[in-house]
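Letter by letter, the chains look like this.
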Amino acid sequence: MRQVRKSWGLILALLVLISCVTEKKQSDTEKTSELIQPQKWWEKLPRPVYTTLEKVEIGQEWFEVYKLFEATYAIYEPYQFEEAISYLVIGNDKAVVIDTGTGIGDLKQVVSKLNSHPVSVVNTHGHWDHIGNNHQFKEIACYNDSACLDRLRSGMNNDSLQRSVTGDSLWKPLPEGFDPATWEIPPVTPTALLEEGDTIELGRRSLEVIHTPGHSPGSMCLLDKKNRILFTGDTFFPGPLYAYPEDVDIKDYLASIDKLEERLNEYDHLCSGHNDPWVKSEVIPRVAAAFREIMAGRDEYNEDQGIRRYYFDGFDILVRADMIKK
Ligand SMILES: [Zn+2]
């Protein structure tokens, strides 16, 4: 009898623990402001741009792959809130993967179906939704910045990632074989550090490194001069630009957009880190103007939990209210 009581006690304790954990997860999800993650965000998918791009069937459920032009692919994750986009850029001798997404799908398998050259990774910055599959590759580069290096070297543990695979963050099942209970982003050590003006040679095709701190200190863009495209990571994407997290420097962000505007005659399209892989470059001067308006005290915005969302044509900007001078 004693034994039975003990077991019931144990079961009860377990149930309490489970309900606490569930509650914690729910409150974590609730903390995300509607301004950052709108409910049913997936209802606006597919985004119109995708009907204009050439879709490539790769037989994987998690990714959608689009051929932007010869030897250049966008690898898109439409089922998770980040809508992360990685890129495969192939030269005559080598290929690079620009960012590696959330780490939920098997990116390496996708890359191996599209490319037979030696391949390495170049990270536009160190945030989790861009470095998730770095561990699948041997050669990894990032900007020579300590904050970026630290993020790559520490990876992400399972607890910190839970919010991205629970509740409204997903609208389709996770891929077979992916276990959210054990998922983590393993730490990696970069094998190459890049600096402003460096050139990544791929064989009759190269990418120039443009340091664009702001969204994070180690953010960079990559310019494919020959094909007149700019890979922007999170410095620009057509959604709410994240200028509110702790590692954002809004003055640096504006200076970086100004820097991109100075070189506007060198590229026609932006291949961005989220939502849409093919954006006309004419948006860049408007982004610079938008940041200036915000910093000068623009009074049209919505505010929730200390975060402000400013609305513009083709993009929005999220900042912390305390970043703006009164
Ligand atoms: Zn991102």
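Refer to the structure above for everything that follows.
These figures come from a predicted structure and were not determined experimentally.

**Some words on the coordination of the zinc ion**
At this site the zinc ion is bound by D129 (OD), H130 (NE2), D234 (OD) and H274 (NE2), with donor distances of 2.0 to 2.4 Å. Classification of the site at the zinc ion as irregular follows from its 4 donor atoms and the range of 86 to 162° in their angles at the metal. Here the donor residues of the zinc ion are spaced in sequence according to D-H-x103-D-x39-H. Here the residue H130 occupies a position in helix 3 (residues 128-131), and H274 occupies one in the loop between strand 14 (269-272) and strand 15 (279-280), the gap between them amounting to 144 residues. An identical accessibility class is assigned to H130 and H274; each is buried.

**Considerations on the nonpolar core**
In terms of nonpolar packing, the biggest core is built from 66 residues, with F291 and I317 touching the most fellow members. Contact partners of F291, with chain neighbours within four places excluded, come to L241, A243, I250, Y253, L254, I257 and I317. By size, the runner-up hydrophobic cluster in this structure holds 33 residues, among which are V97, V121, W128 and I131.

**Some words on helix 7 (residues 283-295)**
Over its 13 residues, helix 7 extends 19 Å from the first C-alpha to the last, a length consistent with the 18 Å expected when each residue adds 1.5 Å. Taken together, the buried positions of helix 7 are occupied by V283, I284, V287, A288, A290, F291, I294 and M295. Each buried residue of helix 7 lies within a common arc of 160° when the element is viewed along its axis, so the set occupies one face. Elements in contact with the buried residues of helix 7: strand 13 (240-243), helix 6 (250-262), strand 14, strand 15, strand 17 (307-311) and strand 18 (316-320). Positive backbone phi, approximately 105°, marks G297, located one or two places after helix 7.

**Observations concerning the pattern of salt bridges**
Per the stated rule, a full pass over the model turns up 17 salt bridges. Ionic pairing is found between D224 and R205, a salt bridge with its closest N-O pair at 2.8 Å. Placement of D224 in strand 11 (residues 220-224) and of R205 in the loop between strand 9 (199-201) and strand 10 (206-211) is noted, with a sequence separation of 19 residues between them. Of the residues examined, D224 reaches a relative accessible area of 0% and is grouped as buried. Look at R205 and you get buried, because its relative accessible area is 6%. A single network of salt bridges, built from pairs that share partners, joins E208, K225, R263 and E266.

**Remarks on empty space enclosed by the protein**
On inspection of all chains with the given rule, the structure shows 1 cavity of 30 Å³ or more. Empty space within the largest cavity amounts to approximately 40 Å³. Among the residues forming the lining of the largest cavity, the class breakdown is 3 nonpolar, 3 polar and 3 charged.

**Concerning the packing of aromatic side chains**
Enumeration over the complete set of coordinates arrives at 16 aromatic pairs. Taken together, a centroid distance of 5.2 Å and an interplanar angle of 65° make the contact between Y87 and F231 edge-to-face. Taken together, the residues Y87 in strand 4 (residues 85-90) and F231 in strand 12 (residues 229-233) connect sequence positions 144 residues apart. Both residues of the pair, Y87 and F231, count as buried. Each ring, one from Y242 and one from Y244, has its centre 5.3 Å from the other, and the planes form 50°; the classification is tilted. In this structure Y242 comes out as buried when scored by relative accessible area, which is 17%. Every member of this aromatic cluster is reached through a ring pair, and the members are W41, W42 and F81.

**Overview of the layout of surface pockets**
When its volume is computed, the second largest pocket comes out at roughly 260 Å³. Taken together, 17 residues form the lining of the second largest pocket, with K94, V96, S120, E139 and I200 sitting closest to its centre. Counting only elements with at least two residues in the lining of the second largest pocket, the list comes to strand 5 (95-98), strand 6 (119-122), strand 7 (140-143), strand 8 (192-194) and strand 9. If one sorts the elements of the lining of the second largest pocket by residue count, strand 6 sits on top with 4 residues. Here the lining of the second largest pocket is built from residues that sort into 12 nonpolar, 2 polar and 3 charged.

Rules used in this analysis
Residues numbered from 1 in each chain as written. Predicted model: local features only at pLDDT ≥ 70, side-chain atom pairs only at ≥ 80, totals over all residues. Heavy atoms only, no water. Donors = N, O, S within 2.8 Å, 3.2 Å for Na, K, Ca; no water. Tetrahedral: all angles 85-135°; square planar, octahedral: opposite > 155°, others 65-115°. Helix = DSSP H or I, 4+ residues; strand = E, 2+ residues; numbered from the N terminus. Buried < 20%, exposed > 50% of the residue type's maximum accessible area, 1.4 Å probe, protein only. Core = buried A, V, L, I, M, F, W, Y, C linked by side-chain atoms within 4.5 Å. Contact = heavy atoms within 4.5 Å. Expected span 1.5 Å × (residues − 1). Arc of directions from axis to C-beta. Salt bridge = Lys/Arg side-chain N within 4 Å of Asp/Glu carboxyl O. 1 Å grid on protein atoms, 1.4 Å probe; cavity = no way out; pocket = protein on both sides within 12 Å on 5 of 7 lines; lining within 4 Å. Points joined across faces, edges and corners; volume = space filled by probe spheres on them. Nonpolar A, V, L, I, M, F, W, Y, C, P; charged D, E, K, R; others polar. Phe/Tyr/Trp six-rings, centres within 6.5 Å; stacked < 30°, edge-to-face > 60°.

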